[in-house]
Amino acid sequence: MLSSNMRNITFISSLLILSAVFQIAVAFTDGLLPNGNFERGPPSSMLKGTKVMTRNAIPSWEISGYVEYIASGQKQNDMLLVVPEGSYAVRLGNDASIKQRVRVTRGMRYSLTFSAARTCAQAEQLNVSASSQSGLLPMQTLYSSNGWDSYAWAWIAMDDDIDVVVHNPGLTEDPACGPLIDSVAIKALFPPKRTNKNLVKNGDFEEGPYILPNTSYGVLIPSKIEDDHSPIPGWMVESLKAIKYLDAAHFIVPHGSRAVELLAGKESSIAQVIRTFPGRSYVLTFKVGDASNACMGSLMVEAFAGKGTVKVAYESKGTGGFKRAVLPFKATGARTRLVFWSTYYSTRSDDMSSLCGPVLDDVAVVSVRHPK
């Protein structure tokens with residue numbers, strides 16, 4: 001017969017086992033992955049300088065290739081390495097990757113958000129993958145003034161347990177050259193539906209990727225070429241350049257708590273295909289403004305719906321504001337493509353280098369009997 005102490009130990013052990021099983025069974029929804037900001041680092045015995053020497057040295061992560069554990073303020077030659085959140089990040093050198101296994105819900109769409117910064121390589125790019133799907137994200141264009149950008153990429157979960165991987169496929173003379181990675185998070189995305197009041201899905205952009213709360217530079221949405229499943233459900237980025245997903249916590253948005261910024265003139269466009277009836281009249285409405293991010297001067301959004309088009313000029317003081325635009329059109333088929341792009345290339349007035357542009361929000365299409 002077990003003693004009282006032995007029974008207590010057995011009971012506590014059972015609780016710990018049940019707790020672990022319960023945690024494994026719960027699907028991840030929103031937020032940073034475990035140790036997603038890399039604040040828990042490897043033991044000093046598993047480091048050679050900054051290089052991580054053991055595959056499982058970084059808690060919650062598995063690494064391969066030349067991976068470094070970087071402290072904020074660390075110097076590389078004449079370059080100061082700055083971390084966007086917390087005190088630590090990782091750097092992916094030649095053919096290096098970080099991987100974490102995550103419990104998700106099969107069949108659901110998820111988006112991955114992470115912060116990245118170029119270091120010494122000029123043509124850096126990242127391959128992100130999950131659940132047998134992958135995307136190649138170029139990093140040649142820097143969109144923020146502090147050297148860091150946040151990126152989003154989406155996928156459909158094909159299994160309950162999947163590996164999220166961020167990989168640097170580059171090979172340079174210096175094996176340590178490669179991008180810094182920090183703040184890795186995921187978010188479950190719910191498919192938007194059209195209504196009888198709006199034929200546009202997710203027209204207010206409220207459904208979208210996770211925005212890191214301690215960053216103030218939004219999230220870049222890659223083009224359709226790099227991303228088969230958009231992190232903004234209902235919308236496609238058809239251009240060569242990214243667009244930026246904004247939140248009301250750090251920017252002024254015309255409607256609700258989310259919007260998009262068209263960053264790179266006609267190289268930065270967003271589109272959606274809606275269901276229509278041939279010959280029927282419709283009205284497209286949307287809002288154009290600025291995000292209060294020092295994007296000053298003449299901004300313009302061009303909108304297309306079927307054979308209809310409109311140019312909406314907006315004179316920005318860089319302090320927020322918007323105007324409403326209207327485009328009547330007649331459908332010529334069962335599907336009508338809506339496209340929005342920025343006419344001009346603009347840069348922020350505070351650093352004269354960061355790309356910026358007009359904000360688009362509150363997009364709606366309704367059927368009308370007698371359009372005016």
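Shown above is the structure to which this text applies.
The numbers attached to residues start from 1 for each chain and follow its sequence in the written order. Where totals are concerned, whole chains, interfaces and linings use all residues; where local detail is concerned, this predicted model gives features only for residues with pLDDT of at least 70, and gives and counts side-chain atom pairs only at 80 or more. With hydrogens and water set aside, each side-chain value is computed from the structure's full complement of heavy atoms.

Caption draft 1: Spatial organisation of the sheet that holds strand 14 (residues 161-168). Pairing between two strands requires that DSSP report at least two bridges joining them. In this description a helix means any DSSP run of H or I spanning at least four residues, a strand means any run of E spanning at least two, and both kinds are numbered starting from the N terminus. Reading across the sheet, the five strands line up as 4-9-14-11-12 and stay open at both edges, with antiparallel pairing between neighbours. Unpaired on one side and paired on the other, strand 4 (62-64) and strand 12 (133-138) mark the two borders of the sheet. Within this sheet the neighbouring strands show an average axis-to-axis angle of 15°, counted without direction. Judged from the six bridges that link them, strand 11 (residues 125-130) and strand 12 form a sheet pairing that is antiparallel. What sits directly across from S129, in strand 12, is S134. Angles shown run from 0 to 180 degrees and are taken between the N-to-C directions of axes, each axis being a line fitted to C-alpha atoms and, for helices, limited to the stretch in contact.

Caption draft 2: A look at the nonpolar core. In this description, a nonpolar core means a group of buried Ala, Val, Leu, Ile, Met, Phe, Trp, Tyr and Cys residues linked to one another through side-chain atoms lying within 4.5 Å. Remark: exposure states derive from per-residue accessible area (1.4 Å probe, protein chains only) relative to the maximum for the residue type, with buried under 20%, exposed over 50%, and partly exposed in between. One finds I98, L112, F114, W155 and I181 to be the most contacted residues of the largest nonpolar core, which totals 42 residues. For this core, the elements supplying multiple residues, two or more each, are strand 5 (67-71), strand 8 (88-92), strand 9 (96-103), strand 10 (109-117), strand 11, strand 13 (149-156), strand 14 and strand 15 (180-189). Contact partners of L112, with chain neighbours within four places excluded, come to V128, Y151, A152, W153, W155, V164, V166, V184, A185 and I186. Residues A152, L299, V312 and A325 belong to the second largest nonpolar core, which totals 38 residues. Residues are treated as being in contact if the distance between any of their heavy atoms lies within 4.5 Å.

Caption draft 3: Seen up close, the pairing of strand 28 (residues 359-367). Where strand 19 (residues 258-261) and strand 28 come together, two bridges link them in antiparallel fashion. Bridge pairing in strand 28 links E261 to V359. As paired strands, strand 21 (residues 281-290) and strand 28 are joined by seven bridges and run antiparallel to one another. Its bridge partner being in strand 28, K287 is matched across the sheet by D361.

Caption draft 4: View of unusual backbone geometry. Positive phi is not limited to glycine here, since N35 has a value of about 55°. Inspection of the secondary structure assignment puts N35 in the loop between strand 1 (30-32) and strand 2 (47-48). Of note in the backbone geometry, F205 takes a positive phi value of approximately 60° without being a glycine. Structurally, the position occupied by F205 is in the loop between strand 15 and strand 16 (219-221). Residue F205 is classed as buried on the basis of its relative accessible area, which comes to 0%.

Caption draft 5: Highlighting the layout of surface pockets. A cavity, in this analysis, means grid points on a 1 Å lattice covering only the protein atoms where a 1.4 Å probe fits yet has no way out; a pocket is instead an open set bounded by protein on both sides within 12 Å along at least five of seven lines, and a residue lines either one if it has an atom within 4 Å of a point. Grid points are joined across faces, edges and corners, and a volume is the space filled by probe spheres set on the points. Approximately 200 Å³ is the volume found for the second largest pocket. What lines the second largest pocket is a set of 15 residues, and nearest its centre among them are P138, Y143, L240, K241 and A242.

Caption draft 6: Layout of the packing of aromatic side chains. By convention, a stacked pair of Phe, Tyr or Trp rings (six-membered ring in the case of Trp) has centres within 6.5 Å and planes under 30 degrees apart, an edge-to-face pair has planes over 60 apart, and any other such pair is tilted. For the structure on display, the rule yields 10 aromatic pairs. Residues F114 and Y151 carry aromatic rings whose centres are separated by 5.9 Å and whose planes lie at 25° to one another, so their mutual orientation is stacked. With F114 in strand 10 and Y151 in strand 13, this pair connects stretches of sequence that are 37 residues apart. Judged by relative accessible area, F114 falls into the buried class, the value being 0%. Overall, the relative accessible area of 7% leaves Y151 in the buried class. An aromatic cluster is built from F205, W235, F286 and F340, whose rings are joined through pairwise contacts.

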